[in-house]
Structure formats: structure tokens, C-alpha cells
Amino acid sequence: MQSPLPTFPDQASNFAGNVDALFSFILMTTLFFAVLVTVLIIFAAFKFRRQSANEVGDDVHGNNVLEVGWTLIPTIIAIGIFAWGAAIYVNYRIAPKDTLDIYLVGKQWMWKLQQPNGRKEINELHIPVNRNVKLIMGSEDVIHDFYVPAFRVKMDVVPGRYNTMWFRPIKTGKYHFFCSQYCGTNHAVMGGWVTVMEPAEYAAWLSGESGDVNPAAAGERLFTQFACNTCHIPNGTGRAPSLNGLFGGTVLLADGTTVVGDEAYIRESILQPKAKIVAGYQPVMPTFQGLVTEEQILNLTAYIKSLQSQPVPAKGAGIMPTPAGKK
Amino acid sequence: MREQATGPALKLPEKHYLNATYGIRSWLLTTDHKRIALLYLASVTFFFFVGGFFAMMIRLHLLTPNGYLLTPDQYNRMFTMHGVAMIFFFLIPSIPAVMGNFLIPLMIGAKDLAFPKINLLSWYVYVVGGLFTLWSMINGGLDTGWTFYTPLSTVYSNSAVAPAVVGVFITGFSSILTGLNFLVTVHTMRAPGMTWFRLPLFVWAHYATSIVMILGTPVVAITLGLAAMERVFGLGFFNPAMGGDPILFQHLFWFYSHPAVYIMILPAMGVISELIPTFARKRLFGYHFVAAASLAIAVIGFLVWTHHMFLTGQSTYAAVAFSFLTFIVAVPSAIKTFNWTATLFGGSISFDTPMLYAFGFLGLFLVGGLTGLFLGALGVDINIHDTYFVVAHFHYIMVGGAVMGYLGGLHFWWPKITGRMYPEWLARIAAFTLFIGFNFTFFPQFILGIMGMPRRYHTYPPEFQIYNVMSTAGASILAVGYLLPMVYLTWAAFYGKVAGDNPWPATGLEWKTQSPPLTENFDVTPVVTWEAYDFHNRPDLGLDVPAGKGSPVVAPAHGDD
Amino acid sequence: MHRTGALYGQFKTLEQQKDTATLGMWIFLVTEVMFFGGIMLAYTINRHTYFHAFAMGSNTLSLGLGGFNTVVLLASSFTMAMAVWASQTSKKGLITLFLSLTILLGFVFFGVKYVEYAQKFHHHLVPGKSFDIFYCVNNPAKCEDIDAADMAKEKEELEVAAKADPDLNAHAQLYYSAYFGMTGLHALHMVIGAGLLFWLLKESVAGKFNAEWNNPVDIVGLYWHFVDIVWIYLFPLLYLIDRHK
């Protein structure tokens, strides 16, 4: 449901309502004290403003009763807030037993997710509504963080260990997720969408029957299946150029002309590889005419597109280096 | 200010610390704590501008969701270097190295700090550290975040990490030497009669700060040292690929960096504890409690560092313990706030510029401190950790609190430091400008955090734009608020109206000397027989104390009697 | 601030100056505890996690050389204490003698350390690209300073350790990072201490120290004892892991 608090995202998980309630409580309490102190200050500033140039104030040392009072009361309130927050957190950190387990790998700068039946996604997470979901997360390189504002959940993804987080989506819809631990150049674009679906839809999606397929993940499978990965090595050390950053970049061809790495160029390269040879490379790519379907070309293109934000190697890139600044 | 009898206009004293000796060597080789304070003033102001420049780039770039001003790498360098410059080279040294250095000997009746040469050394160490960091900035800068999390900083970053880390490492020793100097000075150099509970609260605040400096800074030093070794020589303490643990880095880093925030705020609180009694002409309510609260903040501040790491996947129960301690550390700050407020009641309040800054501090520190409660509450932190809510929270404390304290103190003691007054009306306008600009810059960031905008983002979804625009607009007003004092304080140092010994008047020992003071501070060592902020037993101040009040114990008219 | 004899201008009495300097040195030593504490924490955590690799690393250190160095430093603390006593009793000649002995013992320590470090370098045990805990066992000809019996023992220990920890080399490198980090930091502090001792020697020869004023000898003594205590911690931590076999 829409949060009762203004500017808050949807309350789309089991935690959201409780977290927002605690937030409201803290807000009310802090607002009360902030207003109280502010009013007192403004009141005193007016009531006790200097009347004559050489006036002095009263000779007051203090008041022990007040000191004890304004120490104890904030302490009690603070402990109350702490306890509520701790309760939410402990519940959040201890996952229930009956979870749908999704494996997640973060790397600079994309997310790879895998459903229980092995189906893979890139930068997307499909889950059924009203089901406890647990994410088991690892990192291939630096520390990342998986954050879904609408669920009010977040957890660091740390290399060298597995971190888990759980939640139960309570409302269907599409919700933004973000990487929220600074991880380098493209930290800010390392996000995606969580799609919460009705259970029947989810089941259909999971088995690949529905049209809502994650093309990039399908493309990645094809990339391996057709052995493209044996020549197009990401770090540029293969027989063929790296495809990192290719989509949208400018390719320098052997004949000195340039072409933009768009869908058309990719399709042509798969079907008629000898039409355009990248400068510095041999025309050794075999043609896949008759071996790939149009749908497979689309999926491969989607996968290559998802490599847009991957680190472009200094040597062996398919694209020309971008001039310092704009991309 | 006190009403002065009409007479000839005041003149600067003939001899004082500024004209005692001339020439660049007399400044660069000085051991006079007051001159060293001015050397620090110049260098921290320089780094304030460096950090401010990076802030300007950040805010300009974030005007649009797909910022056109900077590339992602350039933006990441901007926010990193903004943090490094502001935290290590401006905020941490600012009040202690400028005002602490200048005032502590004067406030306790000493001729100088315990170790004047070490004081000068601390400035040179700061400068060398600063040069290393500038070298990093000139060589393309640093893009790891000021927190240098591993393995991003030690293995993956392609920026000038090593020189910056070395620079911060070196500058840490400046902090340690300053803290050591202050601690020893307060213990052994107090004038006769200046007992612990007659000390101004500014001194108590710096004492507490010094405890934090000497215990915490060495830990970040060794941590950064190990990180630099990892970066340069491939050691593996923090690199998981070699069996190391990135979370170990975070623990070691935050063990210092959390207490560091108390290094940044305690001195400002000390300034406020001077300003409010002075401009309400009334002793500070609950002196002992405020002194004790400073020490409590320093000690408990060492026990909460893991609240920066609630979501790293660490032990749930450790997180619960640290959250509890985090709420406890909030209590002494609340005690201080209530005591400052209570001081106003029954006072005789004037609205000179330093007092305006004190009011600003009270309001903004209140917001900053209270928003810390949201972050300390584990359940809410899950949602707002690493979002703009955090950015807003710490800027309210660091800028709304610490910088307000710094500027308030600078204005309050400018007549003592330079012998001349700043222009009051222009200063009041600047204070208001600053307050308004500040709130417009940072309040919208709380909303951005609640909406889910993560921090350290060079691009953001379009629905966040309106608050980013508001924030940048506020920043441009804030910039004016900062530039004005830079200009008129400099002007006033040379051309302002001569202020006299004690223009306000205030009760501290520093005000019983000439303005500017002699190099050796006091001709005759004062003997203290009065309490701090005791307006009722100070006939030397020339104020109208009601008849029948006050005790027979009086202060001599001038420190040299 | 002018100086009259030994009295610096910011102080009123020599007594105040002495109290101030002594307190300053104690607080400085507290900061040193925090400084060394950080790396000792990193060491402790890694030793717990990678015990086999750390035990293996410790066994490649020479107990004889480490033990000898420990005795040398303890002796130097004794000679330092004697120097302080001599200064308190105005025995100028003895101050000079004991300071010289302390410096000499310090240099003996450096000499032994150099031998140890050089050996590590030859055995490819310095962290970095060429680090290899198996180097000597695989190339006995290159490590002639290890005799056959010790080599066989090392080979056996390595086999056991490698079975227990498949990533032995990487984790052993962590041990050596700690070894060089901690002993290097300690050695740096000793070099500074030696510098301070040379200065004290110069001042004592010039007759500056006597029963009335000996504070500098006192506080340099404090520093030197602290550096010694750090070594007393380092020796068992680095050299004596799992040595009971």
C-alpha cells in the first residue's frame, strides 16, 4: 500500500509497515523535543533580551533535579526506540525456514541472479507475491549492496563471504532496486527492477512459457552455447575483440571507417561476419547463418547490450576509446 | 557590548605578538602558540576552499539526473576529495589548532603551551600531509570515497590512492601531537588558583577532544599504513582474494573515524559553552554536568563504531549491543543542549554575531543530533543506511554544528586575535545568509534519503530531481554566507575599529590581557580566585551588578595587577 | 620564549618542567600502545583464522637468533636503567658509559635483524610477487643455510600444513606481512630510540645531566623500555607459535 507518510515509497514488503511505523514514532518524538527546545530558546531570547547596555543576568548555578530529569527521560525514550528498532532488525536478520532461495552475485557493475530452478536473470529479479524470499549474496570483486526502497530492505554484498537477507513481498508491481555501497565508476547505474508477480504468473515465468523472459540472461546462455565466449574474451586477450562497452560505442574497422555498435551491426556481425572486420583483427569468425533463430539473435543482442557498463580493456576492446568526458 | 565612557578613541597597544618580531622566518620558525594558531588558520582556510570547490562541483553536477558536467569517474573523485579535504584537513584541525592553540594558554594563565616546539612541528606535519594529498589531487585525484573501503581502494581503484592515504596518515600525527600538547598543558601549566572546576568549558571540551585524538588517531594511522602497504606491495590483510577480510578494515577504520566525529564536534560545543554565558551575561547552567558530559561523550564515543556497519552481515547481537550504546552516547549531548537552553532563562541576552552563530548551532545541532536517532535505530537504519538521509544528518552536525561553532568562535575572538572589531551588521547578514542557505542545501537531502536515493550517485532516477535542484540552489546561498566572513574578517584585521581589551565584556582570563596579547601573554602571572562565567563578582568588567549580590571575592581590574 | 640554563621560558620551575615532560612522554607511550595495538589486532585475528599457516611461518624463524635478540634488548634496558641511576647520582662518567653500552646493544640487535631479514629475502619469504613458502623445500640447493635435517623437518611440516590449508601460500604471506609489519615498525622505533640515545650521549659528555637535572635521561629511558616491552610481546607472538613439538 502507499505509505501514509509523504514522499515515502510504496510499502511493498512485510517489513515496510513496521519500519515506517517506527520511523513515524521517532519523527513524532524528535519533532516534539525539537519544537520544545526551539520554542524555549525563542521564548527566552525575547523575554530575556538585554534591556540596558550594562545589564547582567541572574546568578544561577544549576538545578540538580532538572539535570536528573532531563537525563533520565531522554534515556528512557532512547531505550524504547532502540528496543523497537532492535526487534525489527533481529527479525530481519533471522530468516524463516520456508524461503524461496535466490542466489545473487554482484560484480562491477551488474547483478547476476539465479532462481531455484536455475533460471538466470541480469539486473532483474522476478519473485512471487506473499512468499518468503531469501537472497543469498556474494560478490566477485568489491563490496556492493542490494537495496530495495519499497521493501525497506538492504544488505551489503561482501567478497569472500555470503550474506543473506530475507523479505516477503506483499504487493505486486515493479520496484526499483539500487546498489548502495559505493563500488567504483558505475556504482550509480548498477540498479534494476524487482518484479513481484502473482504465484501463477511467476510459475509460468519460471518455466519460460510466459513472454516475459529475461532476454539478457537467455543471451548469456546462448553466448556460451555457441562458444562465442571462447574468442570474445572480456579482458581483450582473445582472438576476437572484447564486447564490453560495445553497444553504443564507436567501432574502428580495418578499412579505416567507423561504425556505431548498434543492433544492426551486431546482427550483421553474427550473420555475415566478414562484412565488417574490426581493425587489428583477422577475419576468422565463422558465420552463424542458419544456426541461430531471429529470437536467439535478439537475446544475444540483449546480452551484449548488458555488457555496456562493463570495464573496457585498454587493449583488445571492440570499440575506440571514448574521448575523456562524454559517453 | 558594554557601554564605554566617552573619551579618546581606543588605540592598539604598542607591543604585541604580531609586531614583536618581523620577517617570514619569525613566522615560519615561531614557537609562539598564537602565531602558530594563525599559521593553522591560513592552512585550514586553504583546505576549506579546496573542499568547497569539490562541493560546488558535486552540487552543480547533480542539478540534472544525467549530469552533463562530469564523467562518472570525475564525479566519484569529486565527492571523495571533498570528504578527505573537509574531514582531515579542515574539520579535525579547525577549532583545536586555530582556537585551542591561541586560547588555551591564555585561558589558563600560562605563557605558552607545554611544548611550543612540538606545536610548531605539528603544523609542519600537517602541511607535509596536506602536500601529499594535494599531490594525489593533482595527479587525477582519488575515487574510493573518504572511507577507503577495501578491496576497492587497495586493489580495484585506478586512482592516486597511495599518496592520499600517505597524506592522511602523516596528518594524523599532527592531531596526535596537538592532543598530547593540550592534555599535558591543562595538567601542568594552569596558573595558581585556576583549579579544574574554575576552567572555562572551552578548555574542558578540548581536554576531552585531546583524549579522543591521542587514543583514536594512532589506530587509523596503522590501518591506513596497512592499506597503503596492501595497495603498493600487495599484502593481503584486507583483500579476500588473499584470505584477508574487508570487514576487518572497516572495524579498524571506524574505531577511529567514529570518535573522529567527536573530535570535530566537542570543540565546537566548547565554543558554544563560551558564547552563551558571555552573551546572556549569566553563568553556564549546570557547569559540572556539561564538563562531565564532554568526558562522557569522549569515552562512550569509543564504544559505538560498529553502527556504521550494521548491514555488513556481522553478528546480529553485536549490532544490537552497538545500537544500544549509540543511543546512550546521544544522552550527554542532550544534557548539554538542555543546559545551554537553561542558561538563557534569566539572562541578559544580546544578539551580537557570535550569539547568532550560537543560536544557529543550537537549532541545527538539534536537528543533526536527533536525526542520528533514526540512524541508530536498527530497524530504520536498514532502510536509510547509505542514502542521502545519512549525508544530511552528518552535514547538519558538521556544518550546522561544527562550522557554526568555528565561525562563531572566530567572530567572538577576532578582537582578541587582531585587536580590531569586524563590521557587526555585515556579519549578522552573513550569519543569516549562511543559516538560510544551509537549510535549503541540506534539508531536502533528508527527503531524498527517505525516497530511497543512495549516496555517492553520479546519476539518479528523475523523480529525485526536484530536491536535488533545491539543494543546489541552497548551496549557492551557502557559498555567499561563507565568502562574506572570509572577506570582511580579513579586512577587519587591518582596518576594523580598535576593540580594546574586553569589548563584550567576557569573563575569561584571555580577556584580561591586551588585544592583541603580548607574546608572553601575561606580564605577571595571574592568580585566580573567581569562578568561570561569574558576572556577579567581576567589578573589573564594569557592568551593573544588582546591589547585595555577589561575594567578597573579587577579581583585580587587570591581569597585570 | 627564552631559556635560562635548563629551564625553558614557558615554565616557572624546573620541577614543573620535569613533571610536564614526564607526563608528555607517558601520554606519547599511550599513543604508541594504540598504534602497535592495531597491527597486533590484525595479527591476532588472522592467526586465529589461519593457524596452520601462521604456525608454519613461525617455524621458519630462527629461535636462536630471536632469543638472542630478546636477551640483547633486555640487557640494553638494564644498561639504560643504570644510565638513569648514574644521572640521578651525578656520576658523569658512568652516564656516558651506560648510554654507550645501550647504544652498542641496540646495534647488535640491528645486526641480528639484518641477518634475519636477509635470510627471508633469499628464501623468497618477503611478501610480494615472489613470495613462496615452498621455495626452500623445492630448491634445497638455493637454501644452503638450512641443513638437511632441518630441511626434512620443514618439508614434513609443510606437507601437513598444506593438507590442512589448501591456500597455505596465500595465508602464509599474511603471516609474513604481519612479521615484517610488526618487526619493521619496532625496528623503526628502535632507530629513533638510537637517535635519541646519541643525542643524550652528546649532552651527557657536555656535562648537562646531574642530580638536579636528569629528566631527559629519565624520559628517553621510558621510551627505550617501552620499545623493549613491545619486543617482549613480539617475540612470543611471532617466534613461538606451536613450538612445543
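How each quantity is defined
Residues numbered from 1 in each chain as written. Chains lettered and ligands numbered in written order. Predicted model: local features only at pLDDT ≥ 70, side-chain atom pairs only at ≥ 80, totals over all residues. Helix = DSSP H or I, 4+ residues; strand = E, 2+ residues; numbered from the N terminus. Buried ≥ 20, exposed ≤ 12 C-beta atoms within 10 Å, placed from the backbone. Contact = placed C-beta atoms within 7 Å. Nonpolar A, V, L, I, M, F, W, Y, C, P; charged D, E, K, R; others polar. Core = buried A, V, L, I, M, F, W, Y, C linked by C-beta atoms within 7 Å. Domains from an automatic or database assignment. Axes fitted to C-alpha atoms, helices over the stretch in contact; angles between N-to-C directions. Parallel < 35°, antiparallel > 145°, perpendicular 65-115°, else oblique. Pairing = 2+ DSSP bridges.

A. Local environment of the environment of Ala 473 of chain B. Tracing the chain through its elements places Ala 473 of chain B in helix H15 (residues 465-495). Using a count of 16 C-beta atoms within 10 Å as the deciding quantity, one classes Ala 473 of chain B as partly exposed.

B. Representation of the interface of chain A and chain B. Counting from both sides, the interface comprises 77 residues of chain A and, opposite them, 82 residues of chain B. Looking at the side of chain A that touches chain B, the elements that each hand over two or more residues are helix H1 (16-47), helix H2 (64-93), strand E6 (144-148), strand E7 (153-157) and strand E9 (173-179) of chain A. Tallying contributions element by element places H2 of chain A first for the side of chain A that touches chain B, with 18 residues. For the side of chain A that touches chain B, the class distribution of residues is 43 nonpolar, 21 polar and 13 charged.

C. Representation of the nonpolar core. One finds Ile 108 and Val 165 of chain B to be the most contacted residues of the largest nonpolar core, which totals 332 residues. In terms of residue count, the dominant contributor to this core is helix H3 (residues 72-108) of chain B (23 residues). Looking at this core, you find at least three residues from each of domain 1 (100-206) and domain 2 (215-306) of chain A. Contact partners of Ile 108 of chain B, with chain neighbours within four places excluded, come to Val 186, Met 189, Arg 190, Ala 191, Met 194, Leu 199 and Val 203 of chain B.

D. Quick peek at the packing of helix H11 (residues 353-376) of chain B against helix H14 (residues 424-451) of chain B. Residue and element names in this part refer to chain B. Two elements in contact, H11 and H14, have axes separated by 9 Å at closest approach and are oriented at 10°. Regarding the angle of H11 to H14, the classification is roughly parallel. Across the interface between the two elements, Thr 353, Leu 356, Tyr 357, Gly 360, Leu 364 and Thr 371 of H11 pack against Glu 424, Ala 427, Arg 428, Ala 431, Phe 435, Phe 438 and Phe 446 of H14. A breakdown of the residues in the contact of H11 with H14 according to their chemical character gives eight nonpolar, three polar and two charged.

E. Geometry of unusual backbone geometry. A cis amide bond links Gln 108 of chain A to the next residue, Trp 109 of chain A, at an omega of -5°. Residue Thr 150 of chain B is joined to Pro 151 of chain B through a cis peptide bond whose omega torsion reads -5°. Mapping Pro 151 of chain B onto the fold places it in the loop between helix H4 (116-138) and helix H5 (152-156). We note that Ser 90 of chain C has phi near 60°; this positive angle belongs to a residue other than glycine. Residue position: Ser 90 of chain C is located in the loop between helix H3 (63-88) and helix H4 (92-122). Assessed through the 14 C-beta atoms surrounding it within 10 Å, Ser 90 of chain C is described here as partly exposed.

F. Representation of the sheet that holds E6 of chain A within the structure. All names here are of chain A. Taken in spatial order, the five strands of this open sheet run E4-E10-E9-E6-E7, and their pairing is mixed. Each of the sheet's edge strands pairs with one partner strand only, and the pair in question is strand E4 (124-128) and E7. On average, adjacent strands in this sheet sit at an angle of 20° to one another, irrespective of strand direction. In this sheet, strand E10 (residues 192-197) lies alongside E9 in antiparallel orientation, the contact comprising five bridges. In the sheet register, Gly 173 faces E10, and the bridge partner there is Val 196. Sitting on the sheet, helix H3 (residues 199-206) touches E4 and E10, and the angle it makes with E4 is about 130°.

Without other data, these values stay purely geometric and don't point to any function.
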